[in-house]
Each structure stands twice: as structure tokens, then as C-alpha cells.
Amino acid sequence: HLLHDDRGPVLESIVARVIRQVETTAEPIRLVGLSATLPNYADVATFLRVNPKKGMFFFDHSYRPVPLQMQYIGITERNAFRRFQLQNEICYEKATMQRRNGNQMLIFVHSRAETGKTAKALRDLAMENDQLSLFVKEGGATQEILREELGSVKNADLKEVLSYGFAIHHAGMARADRELVEDLFADGHIGVLCCTATLAWGVNLPAHAVIIKGTQIYDPSKGRWAELSPLDVLQMLGRAGRPQYDTEGEGIIMTAHSELQYYLSLTNLQLPVESQMIKTLPDHLNAEIVLGTIQTVSEAVEWLSYTFLYVRMLKNPNLYGISDKAAKEDPTLKHRRMDLAHTAACMLERSHLIRYDRRSGALQSTPLGRIASQYYISHSSMAMYSRHLRPNMADIDLLRLFSMSGEFTHITVREEEKLELSKLATRVPIPVKESPNEPSAKINILLQAYISRLKLDGFALVSDMAFIQQSAARIMRALFEISLRRGWSSLSKLTLAFANMVSYRIWRSQSPLRQFKNVPEIVARKLERKSDIEWARYADLNPSDLGELVGVPKMGRTLHKLVHQFPKLELSAHIQPITRSTLRVELNLVPDFEFDINIHGYVQLFHIIVEDVNGENILHHEMFLLKNTGSEDEHTVVFTVNILDPLPPSYFIRVISDRWLHSEAVLPISFNKMILPAKFYPPTELLDLQPLPISVLGESALV
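Residues numbered from 1 in each chain as written. Predicted model: local features only at pLDDT ≥ 70, side-chain atom pairs only at ≥ 80, totals over all residues. Heavy atoms only, no water.

All right, on to the overall build of the protein chain then. Looking only at helices and strands, the protein chain features 27 helices and 17 strands. Its C-alpha atoms give the protein chain principal-axis dimensions of roughly 125 × 85 × 50 Å. Expressed as a percentage of the 703 residues in the protein chain, the buried residues total 46%. Restricting the contact set of the protein chain to residue pairs at least 6 apart, pairs at least 24 apart contribute 67%. Surface exposure of the protein chain reaches about 36900 Å², of which carbon and sulfur atoms provide 52%. (Helix = DSSP H or I, 4+ residues; strand = E, 2+ residues; numbered from the N terminus. Buried < 20%, exposed > 50% of the residue type's maximum accessible area, 1.4 Å probe, protein only. Contact = heavy atoms within 4.5 Å. Areas by Shrake-Rupley, 256 points an atom, 1.4 Å probe, with all protein chains shown as cover.)

Rendered as C-alpha cells:
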């Protein structure tokens, strides 16, 4: 069923890859597909190469242990506030009906904040109508139990409503709270539970009745409110009816009047699942080319025959832009697949991700293509980065480029967010040139707000920020790889720093010790105020000095320990010119920190970068892995670097940690005393002499 979703193409390419691998290596891999009920399950079976007689099983409504009685309520109200009130009144009416019959009910809403709002609104309605006793009987055991448990509750919303027999449940609550709610509901002490869809997927808590309150859900990847996926709806309705107690379950869907028809056909299984592959075909083709599973266009055409797209194109050609006549003339749709493969290859070539030889049909990946595939970045974004990246970009330019990424094209600025965004724009450290009404400015502001750990109010803004943050680290890593490949030193350092700023949520100007989990906020702030002491000097201070520095003597020893656990390497190098243009460098690295597996893992990765005298170009780059077993030994790395002509005064070797901000060691290499090998004189010109005959040698064997 996920094949119909935006994530569908990923599943298609994985399954196609697995089936092709099985065919080439003859090592069988078992694929098991589980799906919600869908009408064209036979197509999915064909796509998974399943034998329909032996390997396909279909469970329809008759398998349900408790039959489901469905109600559909269409709401015509346009005003958002009145619509919310109306939905609450309907929920309350249904809840009182269920409570009179002694049943429990679940109300599914679509944001964490709304669980609390709905529960409070229902409690207020019960107070107004003086019907609280329907939910919790006066003086009963339930009332006692709920009052007792109230003390251990952390969530403020839950605290407000629990004693009245209402509760809330969502993924943002503390684990103890969630488990408490689940236990109380299972024991029948809670009458009405307002929750998000995570409960339907993750916890088996059936109730007699289920209400789906509204079917619009905020989708940050599209930047708008979208209809709930059919699957979520079926999953939530699956919670209605408790197998051991009920003879039937009740499912109630509240939706906009215009969507009624859609949900009616959905629960009666009339919507076939279609492929979404064409939209992202170039990116998936690039991944296969990078893997080496596709090397020519004809192989790409064959690869397409393994996809669900192909299965559906054969069944429903008109939907995929194939006329009936073309489908008759070309029963295996080879021409259509050829078109798709050629178009995708041309798009990738235009973005410089592959080299495409039209004569032979050969496809070869480029360094950019490999980066795009590794970091899961779309071809359009890669082309844009490739065009706009400059060697000497500053923070402002880099963030502007980041906010133009294709990943964020759906993000828009809503009317109600403009005020909050303009307030945030004044609080973020790096100035944003565009007005806060521009989508690119919103992306820029939200990324900075995420790193600065600012609190946001708007629910949609929080979702957008989470969506941006998920992509931020990998995009910055991809930009880092591009700048390394191009040999741009300052941009490489900047992008690597940003990738780490996003993952730790700290700025470069903040104390490096914030990267440890157990540093209190007050201590970090005090360290940041003492900006006159450089970070490099902290290692020379003893525990009492550090304690004095932050004004908390007790913290001295902890800080001293942390400063000495911060990854730091001592460098020394021995250089030797092999020829006038090649220099052999023997770099010695000595770890100068306490390696702790709990903090550093088993391996720390460092980048060794050799820069020219201006610190602009990278002349050599390689990785250095420091394992926990060798954390006290001296390590030697040997490499060769080109010597530039004319000879510069020096080079710089930088060793930068891949995961830690401010963990950087620099070693200048001076060429003042270096003696280069002598220049060989060019050979003399060939003289214009008449050659002698061989007979002059007087050797009869040669003549």
C-alpha cells in the first residue's frame, strides 16, 4: 500500500534491485510483503514475483473478529473555529452515548497539541451539561485510582483532564505517562482517550468505538494540509471493537463534506494503488548507475521491467500516457521504457551526475553523481549547488544556498506565521537578507532557530523545522564533499562546521564543551563570557583554575576531565622532496586526549588536509581513523604532495575532526631550508651530420 505514497518509488527500486541481484548471483532472498487491504493486490504480487496460487494470501472483512459498523459525518462549516467547536460537540454527543452503554472510545486527532485541546473541550462540555458522573462515578474505585495516579503525571494537559476520566496519548509525552495511560485504559478506568495515529500503529489498545476527528493532516514535505492516507484511516478503524467483549465495533469518520465520497469508496476498497516512480526516476536511475548495476541505456530499459511502474503500465496504459494503439503495437512497452530511460539519463547528464554517450548508450557516474546517491540528494539540487557554489562563500551565502535546495520547494509562508518569523529573524545570529515572507528566508530562519534551540509556537512551523533539520545535516555533508572534490579549503571547513553545528545544535561561537551531554547550561554560559581565554589554553589549566573560571569550584574536576576528553592530536612532520615537483610527507599523529568509548565510540574519524600558503586550495586530502585500541600510540601517515612552481614559502597541514567542532590541529611546513634536487640540463641539440654506412663497422654479420 505504500507504493501509492511518495515513499513508493524507494520501495520499487529496492525490490527491483533485490530481484535482479537474486537473478545474477543465484542466491535466493525471500521477500515478504505485508499490506493493508487494497483492490489490485494481484499486481503487487506480480511485482514481487510471487506465485499467486502458492504465495499470495488475501484477508477481506470477513476475517475481522468483530464486525465493524461505520458512520460517516460530513461537515460543511467553513470557519475554522466554529468547525472545531462543532467537531467537539459531535465527539461529546457520541462519547456520552458510548458511556451510557458503558463503552470506552478512542478519538484520533492529527497533532499532538490537539489531543490536549480536544480532551479539555470535552471535559468543559461535560461540566457545562453536568454529566461528569457519566465519565467517572462519584466515590467509585475508578475515581480513587485516578486521583492516586495524578501525582506521578508529568504532562500538564494530562494532569488537567485525567481525574475526570479523560486522557491523552501521543509520541511527545514521557514514556511513564504513556504507559500509565495505556494501563488505565486497558483496565477500563479511562472512558475517552484522545490520541494521535502513533497509538494505532504502535500500541494494541482496542476500544468499542473509534472516532477519526477530521481527516486533514499537516504534511511538511508538501508544506500544506493533506488528506490522511487511506492506510492510516484503515489502521485507526482497526482499533474499533474488542475481540473478547464486543459483538460489533463502531467506526465514525468526521470529514469535510466534499471528501465523503472518497472515504466511502476507500473503506469499500475501490481505489487501486498506482506507481509514483516516474516523478523520481532520474534519482533512482542515478543510484543504480553509481552501484554499477546499470551501465547502458538498454540495461536501464531492462531494469524498468522489474518495477511496479511496469506492472501498472501494462494494466492501465492510459494513466501513464500510453495510447491504446501504442500499447497494442508494442505489447512489452519497450519504446515507452526506452523513452523514460533516455529522458532520465538526459536529465542526469544535464545536472552533471553522469556521462551519457548517446552513440553507444553507455552510462558512467561522475563524482557529483556519487555524492548525490550517497547523501540522497535530488539531481535538481545537485545541479543548483554545482552552479552556485563559490570557493570563498561566507555563512550568509552558504545558508542562502542551502535554503534554495530542491528538497524544500514545497515549503511556503502562511499568513499566520509572518509575525512569528519576523520576530525570529531578529533573534537568529546570521542575518537573513530576504524578507521573512519569502520561503527561502523561512527555511534559513528555521534552520538557525533549530541550531539556536529557540522555542516555536506555531504547530506547522515546528513540523517544518523538524523537516528542514532532517535534511540539513546530509545536505551540509554533501556540500562538504563537493567542496573537497573541487579543492576549496575554506568552504570545506565551513560546510563541515555547519554539518556539526546542526547535529549538536550549537554555534561555533559557543563553548566547544557544549558538545558533551552533561555540561549544565549555566556553566556553558559562564565559559562563553570568558571569551578572552582561547580554547587552546583550556588544556593547560588545572581543575581549581577551571572551577574558579566558572565560579563553581565543584565543577572544576568535571570540566578538567571533559577538556581532556576533547579530541586533540599533536602533529609533527618530516618532509623529503623526491623530485622537483613531488614532496614526500611523513606525518606523525599523537592522540593527546583520554579516549572514552561511551563518548567517542570505537573510532574517531579525522580529515588530513594539505593547503597551499594562502589556505585557499586543497593540495591533498585523506582520512585518518583513530581506533580506541590505538588511542595511546603514535601513528604515521605517509603521502605525497605536488610542489607548486614557483616554490611557495610554506604549506599547511590541517587535521580536522569529522564529528567535533573546534577539534583542529594545524602544522605549518616551511620550505626555507629545503633543498630540491638539481635541475637536469636539457639535452644538446641533435647535430645535422651525415650518418656513416654500417659497413664501416667491419662486421660481416651485420652487413
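The next subject is the packing of aromatic side chains. Throughout the structure, instances matching the rule amount to 16 aromatic pairs. Arranged with centres 4.6 Å apart and planes meeting at 40°, the rings of Phe135 and Phe166 form a pair that is tilted. Taken together, the residues span a long stretch of sequence, with Phe135 in helix α5 (residues 132-135) and Phe166 in strand β3 (residues 166-169) at a distance of 31 residues. Take Phe135 and Phe166: they sit in the same class, and that class is buried. (Phe/Tyr/Trp six-rings, centres within 6.5 Å; stacked < 30°, edge-to-face > 60°.)

With that out of the way, let us pick up the sheet that holds strand β2 (residues 105-108). Strands sit in the order β1-β8-β5-β2-β4-β3 across an open sheet of six strands; the sheet is parallel. Of all the strands in the sheet, the pair left with one neighbour each is β1 (68-75) and β3. Ignoring which end each strand starts from, the neighbouring axes of this sheet average 20° apart. In this structure, strand β5 (residues 209-213) lies alongside strand β8 (residues 249-256), joined through five bridges in parallel fashion. (Pairing = 2+ DSSP bridges. Axes fitted to C-alpha atoms, helices over the stretch in contact; angles between N-to-C directions.)

A few words now on the sheet that holds strand β16 (residues 650-657). If you walk across this open sheet you meet the four strands as β14-β13-β16-β17, and the pairing is antiparallel. In this open sheet, the two strands that pair with only one neighbour each are β14 (618-627) and β17 (664-670). Along the sheet, successive strands turn relative to each other by an average axial angle of 20°, direction set aside. As defined by bridge partners, strand β13 (residues 603-611) adjoins β16 across six bridges and the pair is classed as antiparallel. Looking at β16, one finds that His607 is bridged to Ile656. Across the face of the sheet, helix α23 (residues 489-504) comes into contact with β13, β14, β16 and β17 while running at roughly 15° to β16.

Turning to helix α13 (residues 297-304), a few remarks are in order. Every buried residue belonging to α13 is among Val297, Ala300, Val301, Trp303 and Leu304, and all of these are buried. Down the axis of α13, the smallest arc covering the buried residues is 160°, so these residues share one side. Buried-residue contacts for α13 involve α1 (8-25), α12 (281-291), α14 (308-315), α16 (334-350), β9 (354-357) and β10 (362-365). (Arc of directions from axis to C-beta.)

In the predicted model, the protein chain carries a mean pLDDT of 88, and the fraction of residues at 70 or more is 98%. Summarising per-element confidence for the protein chain, the mean pLDDT is lowest in helix α9 (residues 197-202) (72) and highest in strand β15 (residues 635-642) (96). (pLDDT = per-residue confidence, 0-100.)

Contact geometry of α13 with α16 gives a least axis separation of 9 Å together with a crossing angle of 120°. The way α13 lies across α16 gives a crossing that is right-handed. Contacts between α13 and α16 pair Val297, Ala300, Val301, Glu302 and Leu304 from the former with Lys334, Arg337, Met338, Leu340 and Ala341 from the latter. Among the residues making up the contact of α13 with α16, the classes are represented as seven nonpolar, no polar and three charged. (Left-handed = near helix turned anticlockwise from the far one by under 90°. Nonpolar A, V, L, I, M, F, W, Y, C, P; charged D, E, K, R; others polar.)

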